[in-house]
Structure formats: C-alpha cells, structure tokens
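Spelled out, the chains give:
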Amino acid sequence: MSTAALLTEDLNTKNGKPAFVTFSTVAKHLKAESEKAGRYVAEDVDMVTVRQLGATDSVVFKVDRWLAQNELDVQGGRLDAGHANLYKESYKRWKAGQEMPIHGTPIKSWPVITPAQVEVLLRVGVRTVED
C-alpha cells in the first residue's frame, strides 16, 4: 500500500486524530415570520465547520443536528466516543466564550517559527506542532 493510501486510511479511521472544528453563530432568515410581521425576522443559529486533518475542504452543519448525528455514529461504531465527547466539550467551551482545547504543542507558542509562519499555519488549520 502506498504512503498516501496509508496516510488517508489513518486520517479516516475512527481512532485517528479528531477533525478540526470551528463554531459560529449566523442569522437565519425566517421568511414566513417575516411576511407575517411585515418586517425582516431572523433567529440565531449555531453552526459548526468540520475539516478533517490533511483535507482542504470543509463541511458546515447546524450544531444541534451534528451533535445528534455524532451520537448515532458512536452507537454505530463509526465515530470514537472520545472524539464525540471532545466535540461536545469544545462546543460548551465556545458557548462560554472560552478557547477550544488543543491537544499537543500549540503552534501559537512554538518559539522556533516566526509570527508570519504561525499565521500561515493557523489559517490552514494546523493548530499544534503534532498536526
């Protein structure tokens, strides 16, 4: 098996490193309520952006649906329970205004690279030296 295939297999296994997730809140337009009220009506919806380590694309989900799907994936053996718990804890911390936990040596405090290199790595989703 090629090195690329081994790397892909490792990234896709349920026991690999957890995906890189970021949370945000967006305004969702409520069209029916807007028409009824005669003005723009919206609600806040928490979203999660999920990107697998080593991937360049990401997927966006509503947080509540994503967490519910994670529970089903754990029950079905498709997701490691530790990862699901980490995602839940990360969401709770984000809602409380805290940074998500990082497992490994944070890129932000790694003294052997320049601030520009730190910024480049963070923008491509590399949060730890181990990533």
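Everything discussed here concerns the structure shown above.
Now for a look at the structure at hand. (Residues numbered from 1 in each chain as written. Predicted model: local features only at pLDDT ≥ 70, side-chain atom pairs only at ≥ 80, totals over all residues. Heavy atoms only, no water.)

Points about the packing of aromatic side chains
Given two aromatic rings, their pairing is described by the distance between the two centres and the angle made by the two planes.
Then, number 1: Taken as a whole and assessed by the stated rule, the structure comprises 5 aromatic pairs.
Then, number 2: Measuring from ring centre to ring centre gives 6.4 Å for Phe23 and Trp66, while their planes differ by 65 degrees; the resulting arrangement is edge-to-face. Placement of the pair is Phe23 in strand β1 (residues 20–29) and Trp66 in helix α3 (residues 63–75), with a sequence separation of 43 residues. Of the two residues examined, Phe23 and Trp66, each falls in the buried class.
Then, number 3: Between Trp66 and Tyr87 the ring centres are 5.1 Å apart and the planes differ by 45 degrees, which places this aromatic pair in the tilted class. Of this pair, Trp66 sits in helix α3 while Tyr87 sits in helix α4 (residues 81–95), placing them 21 residues apart in sequence.
Then, number 4: What links up through ring pairs into an aromatic cluster is the set Phe23, Trp66, Tyr87, Tyr91 and Trp94. (Phe/Tyr/Trp six-rings, centres within 6.5 Å; stacked < 30°, edge-to-face > 60°. Helix = DSSP H or I, 4+ residues; strand = E, 2+ residues; numbered from the N terminus. Buried < 20%, exposed > 50% of the residue type's maximum accessible area, 1.4 Å probe, protein only.)

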